[in-house]
Amino acid sequence: MSILAYGLITGMLFGFLLQKGRVLRFDKQIGTLRLIDLTIFKFMGTSVIVAMIGVYLLVDLGQAKLDLLPTVLGKNILGGLLFGVGWAVLGYCPGTSAGAAGEGRWDALFGALGMVAAAVIMAEAYSAMTPAASGWGDFGTVTIPGVLGVNHWVIVSLFVILYLLFFRWVEKKGL
């Protein structure tokens, strides 16, 4: 099966899980932004932990290879700010916007179209913007295990433990 087919199947499965997890709902998005409903944090945290374990397992089994981009603080901060502002204005992040549009929500559909337009604009403006954003905080290719000089499973285990403690605390608080 081609890589595109795997991507399509994975995307459909992720969209299904987004819908079943009820994170496509506007009230959940706003609740997350206001820190009064942490359903999306729990969903995405679980997704990150599962992906972290899966990726490193595939790497260790020789079935995948990590191809990391360099860490550039200027680009990361600018991208994070744009992401956060877009999420706050639209009420959906890119993944949940696509899922909500798939459910037939017009506001999300317009937001998804806006994201496509912004991606086209960014693709055209990228070469002009790159020197300004790339000039600050270029650390090269780094990883937490590499910086700390430990095996990646030590970091994965630490993240799993911290996430489970966070999840338990959130559940006790009823968030």
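In case you missed it, the structure is sitting above this.
Basis of the calculations
- Residues numbered from 1 in each chain as written.
- Predicted model: local features only at pLDDT ≥ 70, side-chain atom pairs only at ≥ 80, totals over all residues.
- Heavy atoms only, no water.
- Helix = DSSP H or I, 4+ residues; strand = E, 2+ residues; numbered from the N terminus.
- Buried < 20%, exposed > 50% of the residue type's maximum accessible area, 1.4 Å probe, protein only.
- Areas by Shrake-Rupley, 256 points an atom, 1.4 Å probe, with all protein chains shown as cover.
- Lys, Arg positive; Asp, Glu negative; His and termini not counted.
- Charge placed at Lys NZ, Arg CZ, Asp CG, Glu CD.
- Axes fitted to C-alpha atoms, helices over the stretch in contact; angles between N-to-C directions.
- Parallel < 35°, antiparallel > 145°, perpendicular 65-115°, else oblique.
- Left-handed = near helix turned anticlockwise from the far one by under 90°.
- Contact = heavy atoms within 4.5 Å.
- Nonpolar A, V, L, I, M, F, W, Y, C, P; charged D, E, K, R; others polar.
- Core = buried A, V, L, I, M, F, W, Y, C linked by side-chain atoms within 4.5 Å.
- Arc of directions from axis to C-beta.
- Phe/Tyr/Trp six-rings, centres within 6.5 Å; stacked < 30°, edge-to-face > 60°.
- Lys NZ or Arg CZ within 6 Å of the ring centre and 35° of its normal.
- Patch = residues over 30% accessible without salt bridge, like charges linked within 9 Å, V, L, I, M, F, W, Y side chains within 5 Å.
- Salt bridge = Lys/Arg side-chain N within 4 Å of Asp/Glu carboxyl O.

### Examining the overall build of the chain
- Check the secondary structure of the chain and you find eight helices and two strands.
- When its helices and strands are written in sequence order, the chain yields α-α-α-β-α-α-α-β-α-α.
- In terms of overall dimensions, the chain has a C-alpha envelope of 50 × 50 × 40 Å along the principal axes.
- Of all 175 residues assigned to the chain, the portion counted as buried reaches 22%.
- Approximately 11,900 Å² of the chain is accessible, and the part contributed by carbon and sulfur atoms is 73%.
- For the chain, the separation between the mean place of its 12 positive charges and that of its 9 negative charges on side chains is 11 Å.

### Quick look at the packing of helix α3 (residues 39–60) against helix α8 (residues 152–173)
- Axis separation between α3 and α8 bottoms out at 11 Å; the angle between their running directions is 165°. Taken as axis vectors, α3 and α8 run roughly antiparallel relative to one another. Like other packed secondary-structure pairs, α3 and α8 cross with a definite hand, here left-handed. When α3 is examined against α8, the residues F41, K42, G45, T46, I49, M52, I53, Y56, L57 and D60 are found in contact with a partner set consisting of H152, W153, V156, F159, V160, Y163, F167, V170 and E171.
- Of the residues belonging to the contact of α3 with α8, the class tally is 13 nonpolar, three polar and three charged.

### Notes on the nonpolar core
- L18, V23, L24, I40 and F43 together form the largest nonpolar core, which totals five residues.
- Every residue in contact with I40, bar those within four places of it in the chain, is listed here: V23, K28, Q29 and T32.

### Considering helix α2 (residues 26–33)
- All buried positions along α2 are accounted for by K28, Q29, G31 and T32. Down the axis of α2, the sector holding all buried residues measures 165°, keeping them to one side.
- At its buried positions, α2 is contacted by α3, α4 (73–90) and α5 (94–102).
- One or two steps after α2, the chain reaches L35, where phi turns positive at roughly 60°.

### Focus: the packing of aromatic side chains
- Going through the model one piece at a time under the given rule, you end up with seven aromatic pairs.
- Arranged with centres 6.0 Å apart and planes meeting at 45°, the rings of F14 and F43 form a pair that is tilted. Residue F14 is located in helix α1 (residues 3–20), and its partner F43 is located in helix α3; the two are separated by 29 residues in the primary sequence.
- By relative accessible area, which is 32% here, F14 ends up partly exposed.
- An aromatic cluster is built from Y163, F166 and F167, whose rings are joined through pairwise contacts.
- Here K42 stacks its cationic end above the ring of F167, 5.8 Å away from the centre of that ring.

### Quick word on the packing of α2 against α3
- Remark: α2 packs on α3, axes separated minimally by 8 Å, with the N-to-C direction vectors making an angle of 90°. Looking at the two axes, α2 sits roughly perpendicular to α3. Contacts from K28, Q29 and T32 of α2 reach α3 at T39, I40 and F41.
- Residue composition of the contact of α2 with α3, by class: two nonpolar, three polar and one charged.

### Brief notes about a nonpolar patch on the surface
- Together, F139, V142, I144, V147, L148, V150, V154 and F159 make up a nonpolar patch on the protein surface, roughly 720 Å² of accessible area in all.
- Contributing elements (two or more residues each) for the nonpolar patch: α7 (144–148) and α8.
- When residues of the nonpolar patch are assigned to their parent elements, the largest contribution, three residues, is made by α7.
- Here V142 lies in the loop between β2 (138–140) and α7.
- Owing to a relative accessible area of 37%, V142 belongs among the partly exposed residues under this scheme.

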